[in-house]
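# A look at the structure
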Amino acid sequence: MTVACGRYAAAFALDDPDVLVDAALCCPLCLGADTRIDVRHTNLTPNGRGTCPACDATWSVTLDPQQLLRLALDPPAATRVTFSGRLPLLPPHPEDDE
């Protein structure tokens, strides 16, 4: 049985050490550190979908641009970070909406 744990804003800085980033992304239900975060870009906001193999919990994580950069360039040791979908490097152009 999967337990949905809600939506959280990630609380780590660009220059935080791995241990703090892992703690910010750990499972909100069991506090397990062996979590998986799948990062997607939706509605101009990067969001992560967290899953915990220990307790089968799922949750959503909102990331700011600096946090996204940190996860892309220097992912933490214990958290498995994957990227799915298209993460734009630049804001979309108005003509792309036509």
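Residues numbered from 1 in each chain as written. Predicted model: local features only at pLDDT ≥ 70, side-chain atom pairs only at ≥ 80, totals over all residues. Heavy atoms only, no water.

## Things to note about the nonpolar core
Generally speaking, nonpolar side chains in soluble globular proteins are found buried as a group. Grouped together as the largest cluster of nonpolar side chains are 16 residues, with contacts concentrated most on Phe12, Leu25, Val39, Trp59, Val61, Leu63 and Leu71. If you list the elements that add at least two residues to this core, you get α1 (18-25), β2 (36-42), β4 (57-62) and α2 (65-73). Residues in contact with Leu25, not counting those within four places in the same chain, are Ala10, Phe12, Thr35, Ile37, Trp59, Val61, Leu71 and Thr79. (Core = buried A, V, L, I, M, F, W, Y, C linked by side-chain atoms within 4.5 Å. Buried < 20%, exposed > 50% of the residue type's maximum accessible area, 1.4 Å probe, protein only. Helix = DSSP H or I, 4+ residues; strand = E, 2+ residues; numbered from the N terminus. Contact = heavy atoms within 4.5 Å.)

## Here's the deal with a nonpolar patch on the surface
Judged by side-chain polarity, Leu14, Leu69 and Leu73 come together as a nonpolar surface patch covering roughly 300 Å² of accessible area. In this fold, Leu73 is placed in helix α2. Classification of Leu73 by relative accessible area gives exposed; the value is 66%. (Patch = residues over 30% accessible without salt bridge, like charges linked within 9 Å, V, L, I, M, F, W, Y side chains within 5 Å. Areas by Shrake-Rupley, 256 points an atom, 1.4 Å probe, with all protein chains shown as cover. Salt bridge = Lys/Arg side-chain N within 4 Å of Asp/Glu carboxyl O.)

## What to know about the confidence of the model for the chain
Within the chain, residue pLDDT values average 81, and 79% of them lie at 70 or more. Confidence scores differ between elements of the chain, with strand β1 (residues 3-9) showing the lowest mean pLDDT of 79 and α1 the highest of 91. (pLDDT = per-residue confidence, 0-100.)

## Quick look at the side chain of Gln67
Among the structural elements, Gln67 can be located in helix α2. For Gln67, a relative accessible area of 4% translates into the label buried. When residues no more than four places from it in sequence are discounted, the contact partners of Gln67 are Ala10, Ala11, Phe12 and Thr62.

## Focus: the environment of Val61
With respect to the element layout, Val61 can be found in strand β4. For the pair formed by Val61 and Ala24, sequence separation is 37 residues and the distance between their alpha carbons is 9.9 Å. Apart from residues lying up to four places away in sequence, Val61 is in contact with Tyr8, Ala10, Leu25, Ile37, Pro46, Asn47 and Gly48.

## Digging into α1
When we look at burial in α1, the residues that qualify are Val21, Asp22 and Leu25. Within α1, the buried residues cover an arc of 100° as seen down the axis, which keeps them to one side. (Arc of directions from axis to C-beta.)

## Description of the pattern of salt bridges
This model, assessed by the stated rule, comprises four salt bridges. Notably, a salt bridge pairs Arg40 with Asp38, separated by 2.9 Å at the nearest N-O pair. Of the residues examined, Arg40 reaches a relative accessible area of 41% and is grouped as partly exposed. Given the relative accessible area of 17%, Asp38 is considered buried. Across the salt bridge formed by Arg70 and Asp74, the nearest N and O atoms sit 3.7 Å from each other. Residue Arg70 is classed as buried on the basis of its relative accessible area, which comes to 5%. Judged by relative accessible area, Asp74 falls into the partly exposed class, the value being 41%.

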